[in-house]
Amino acid sequence: MPNRIDRKSPIRIMLDTNIWSEFAKADVGPDLHRAIKRTNNIIVVPPLILFEALATPADEHRRRLVRLLTMPTWTRLMPEAYTLSQEILSEVKRLRPEWLRHEPKTQRFHKLRYDWTRKTRGFWERARYHSELLRNALREDGGWPRNLLEMARKDYADQRSLNKEQGIRDIGSLKNCEGTFPAPLPEGITDEPIQFWRIRSWASVTRALAYPEHPLGEWLTPFLDFDRMQFSLASWNRFWLREVNEKQMKCFWLHYAFEMLQSVQKVTPGTPADAALSVYLCESDLVISADKNFIRNIDGIRSAAPCGVPIARIVQGGSSSIQETLDIVNNYYL
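Residues numbered from 1 in each chain as written. Predicted model: local features only at pLDDT ≥ 70, side-chain atom pairs only at ≥ 80, totals over all residues. Heavy atoms only, no water.

Q: Quick rundown of the overall build of the chain? Include the residues and the values.
A: What the chain contains, in helices and strands, is 17 helices and nine strands. Summing over all exposed atoms, the chain offers an accessible surface of approximately 16,400 Å²; the carbon and sulfur share of this is 51%. (Helix = DSSP H or I, 4+ residues; strand = E, 2+ residues; numbered from the N terminus. Areas by Shrake-Rupley, 256 points an atom, 1.4 Å probe, with all protein chains shown as cover.)

Q: Quick one: what's the story with the environment of Val44, residue by residue and with numbers?
A: Tracing the backbone through its elements, the reader meets Val44 in strand β3 (residues 42-45). Here the alpha-carbon distance between Val44 and Ser284, two residues 240 residues apart in the chain, equals 7.3 Å. Every residue in contact with Val44, bar those within four places of it in the chain, is listed here: Arg12, Ile13, Met14, Thr75, Leu77, Glu283 and Ser284. (Contact = heavy atoms within 4.5 Å.)

Q: How would you explain the nonpolar core if you had to name every residue and give the values?
A: Membership of the largest hydrophobic core comes to 99 residues, with the highest contact counts inside it found for Trp20, Trp240, Trp253 and Ile301. Here this core takes nine residues from helix α14 (residues 250-262), the largest share from any one element. With residues up to four places along the chain from it excluded, the contact list for Trp240 reads Ile88, Arg198, Ser201, Trp202, Val205, Met249 and Phe252. (Core = buried A, V, L, I, M, F, W, Y, C linked by side-chain atoms within 4.5 Å. Buried < 20%, exposed > 50% of the residue type's maximum accessible area, 1.4 Å probe, protein only.)

Q: Talk me through helix α4 (residues 59-69); I want residue IDs and the actual numbers.
A: Those residues of α4 lying buried are His61, Arg62, Leu65, Val66, Leu68 and Leu69. Along α4, the residues classed as buried sweep out an arc of 160° about the axis, all on the same side. (Arc of directions from axis to C-beta.)

Q: Quick rundown of unusual backbone geometry? Include the residues and the values.
A: For Asn40, which is not glycine, the phi dihedral falls at a positive 60°. For Asn40, the location among the structural elements is in the loop between α2 (29-39) and β3. Of note, Arg121 is a non-glycine position whose phi angle comes to about 60°, a positive value. Assignment of secondary structure puts Arg121 in the loop between α6 (107-117) and α7 (123-129). Look at Arg121 and you get exposed, because its relative accessible area is 62%.

Q: Which residues make up the packing of helix α10 (residues 196-208) against α14, and what values do they have?
A: As a packed pair, α10 and α14 sit with axes 9 Å apart at the nearest point and diverge in direction by 105°. The orientation of α10 with respect to α14, classified from their angle, is roughly perpendicular. Each of Phe196, Trp197, Arg200, Ser201 and Val205 in α10 lies in contact with α14, whose residues at this interface are Phe252, Trp253, His255, Tyr256, Glu259 and Met260. Class assignment of the residues belonging to the contact of α10 with α14 gives a composition of seven nonpolar, two polar and two charged. (Axes fitted to C-alpha atoms, helices over the stretch in contact; angles between N-to-C directions. Parallel < 35°, antiparallel > 145°, perpendicular 65-115°, else oblique. Nonpolar A, V, L, I, M, F, W, Y, C, P; charged D, E, K, R; others polar.)

Q: Tell me about the pattern of salt bridges, residues and numbers included.
A: All told, the structure shown has 16 salt bridges when counted by the stated rule. Two residues, Arg94 and Glu91, come together in a salt bridge whose shortest N-O distance is 2.7 Å. Placement of the pair is Arg94 and Glu91 together in helix α5 (residues 80-95), with a separation of three residues, close to one helical turn. According to the relative accessible area criterion, Arg94 is partly exposed, its value standing at 47%. The partner of Glu192 in a salt bridge is Arg242, and the shortest N-O contact between them spans 3.7 Å. Taken together, the residues span a long stretch of sequence, with Glu192 in the loop between β5 (178-179) and β6 (194-195) and Arg242 in helix α13 (residues 233-243) at a distance of 50 residues. Taking the relative accessible area as the measure of exposure, Arg242 reaches 31% and is therefore partly exposed. (Salt bridge = Lys/Arg side-chain N within 4 Å of Asp/Glu carboxyl O.)

Q: I'd like to hear about the packing of aromatic side chains, residue by residue, with values.
A: The tally for this structure, following the rule as stated, stands at 17 aromatic pairs. Aromatic ring contacts, followed pair by pair, group Trp99, Trp236, Phe239, Trp240 and Phe252 into a single cluster. Positioned above the aromatic ring of Trp99 is the side chain of Arg96, whose terminal nitrogen or guanidinium carbon lies 5.5 Å from the ring centre. (Phe/Tyr/Trp six-rings, centres within 6.5 Å; stacked < 30°, edge-to-face > 60°. Lys NZ or Arg CZ within 6 Å of the ring centre and 35° of its normal.)

Q: Report on the pairing of strand β8 (residues 311-314), specifying residues and quantitative values.
A: Sheet analysis places strand β7 (residues 286-289) next to β8, joined by four bridges and oriented parallel. In the strand pairing of β8, Leu286 is matched with Ile311. As for the winding sense of the linkage, the β-α-β connection from β7 through helix α16 (residues 292-301) to β8 is right-handed. (Pairing = 2+ DSSP bridges. Right-handed = clockwise from strand over helix to strand, strands pointing away.)

Q: Provide a residue-level description of the sheet that holds β7, including the pertinent values.
A: One open sheet holds the five strands; their spatial order is β4-β3-β2-β7-β8, and the pairing between them is parallel. Strands at the two margins of the open sheet, each flanked by one partner only, are β4 (75-76) and β8. Bridging between β3 and β4 involves two bridges; their strand directions are parallel. Note on β4: the bridge partner recorded for Val45 is Arg76. In the packing of helix α17 (residues 320-330) onto the sheet, contacts are made with β2 (12-15), β7 and β8, and the angle to β7 comes to roughly 170°.

Q: Tell me about the packing of helix α1 (residues 17-26) against α4, residues and numbers included.
A: Following both chains from N to C, one finds α1 and α4 inclined at 110°, their axes separated by 9 Å at the closest point. Relative to α4, the element α1 lies roughly perpendicular. Crossing angle aside, the handedness with which α1 passes α4 is right-handed. The residues of α4 that touch α1, namely those facing Trp20, Ser21, Phe23, Ala24 and Lys25, are His61, Arg64, Leu65, Leu68 and Leu69. Taken together, the residues that form the contact of α1 with α4 break down as six nonpolar, two polar and two charged. (Left-handed = near helix turned anticlockwise from the far one by under 90°.)

Pasting the structure below:
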């Protein structure tokens with residue numbers, strides 16, 4: 001039977017990389033476009049999936065995949081670092097307004113955001129028409145993929161280590177999951193239990209801001225006075241470990257929850273990317289993937305999440321995923 005989502009606006013559909021790969025391989029992108037037009041819904045494309053496509057080793061398949069992903073008919077999302085930075089800024093304004101610059105340096109910020117959002121001559125169009133140049137630039141030492149992939153792996157390893165220290169072998173309810181902080185305690189923090197999502201978020205952001213070229217810092221620098229923040233270590237620790245509201249930091253919570261579930265699952269090369277992709281769940285209503293763990297984890301976080309979590313649909317891998325995906329897309333309507 002057809003499926004309905006109770007919304008007054010178009011349904012936002014996110015396809016996993018494995019689905020895009022099959023559509024590109026069979027060169028049937030127009031079929032997906034027709035299905036979307038028929039149902040009056042939209043396809044959202046996270047930049048992370050485009051970066052994964054640019055890393056595809058086979059030249060011809062990579063070109064087809066990048067061309068499909070960068071079609072202007074899809075809705076292009078902002079990088080996850082931008083989305084996370086906006087959550088941080090919102091809570092800083094509420095809890096630590098003294099960390100804000102008196103005169104924000106927004107010129108670079110607006111230029112960078114415009115490069116991601118403009119319809120022509122921006123990042124997406126450069127990827128579409130100059131994918132080889134962009135691929136080579138991104139593969140250079142110190143580039144975006146290298147730094148963020150290493151940090152994603154470090155976050156994943158940290159969560160597994162924390163689970164081991166806390167004696168966690170199976171993940172039960174993610175709601176209010178907490179434990180004692182491993183010694184030594186951060187400055188300004190007492191030994192009362194701390195929610196795990198706070199520890200993960202505090203650790204990952206603190207580490208990210210230690211890298212001058214990290215994208216998160218690039219989005220935050222125009223608005224935050226880092227010199228002032230460096231003299232407020234105890235305040236920084238309390239901000240993350242005690243005070244921020246999970247409903248205002250929903251993307252951080254989603255990333256934590258994915259890493260938590262993955263920490264007791266079999267590791268695959270795509271594990272860190274799947275966790276990063278979870279940030280975009282807030283910007284979609286329906287997710288389709290051939291990755292069973294990815295779909296299972298979306299369903300696994302739904303009951304505890306501080307925000308809405310999209311419907312998740314699994315399809316078979318390989319070429320059969322094309323028709324299955326089209327059937328799902330064609331049957332979701334307003």
